[in-house]
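# Structural description and commentary
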Amino acid sequence: MIRENSHNTAWWGKPVAVVEDAAFFSLEPAARQAALRGYAWAEFKSPLTSAPPFLQLAGSGFTLVDVQVGFRLMLGAVG
């Protein structure tokens, strides 16, 4: 449910977590806090279509700060 994000940990200099399971936000607040206690901060990664409602995220101390859009370029056709 929670793992260390090695890239962000190296960049930040302290342990950073990544949450990829929306079930995390269904845990009791004390359980969420305990799970994150060893981390400087955490990010939640999920497709928007399967993410919990924004108010549930915000109530857990998370906020939307980044959206990644996947796409492909046909570089062979550029020229």
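Coordinates for the structure precede this section.
Parameters and conventions
- Residues numbered from 1 in each chain as written.
- Predicted model: local features only at pLDDT ≥ 70, side-chain atom pairs only at ≥ 80, totals over all residues.
- Heavy atoms only, no water.
- Pairing = 2+ DSSP bridges.
- Helix = DSSP H or I, 4+ residues; strand = E, 2+ residues; numbered from the N terminus.
- Axes fitted to C-alpha atoms, helices over the stretch in contact; angles between N-to-C directions.

## Things to note about the sheet that holds strand β2 (residues 16-19)
- If you trace the 3 strands from one edge of the open sheet to the other, you get β1-β2-β3, paired in mixed fashion. Each having just a single partner strand, β1 (2-4) and β3 (41-44) make up the two edges of the open sheet. Ignoring which end each strand starts from, the neighbouring axes of this sheet average 30° apart.
- Of the pairings in the sheet, the one linking β2 to β3 comprises 4 bridges and is parallel in character. Counted as the bridge partner of Val 19 is Phe 44 from β3.

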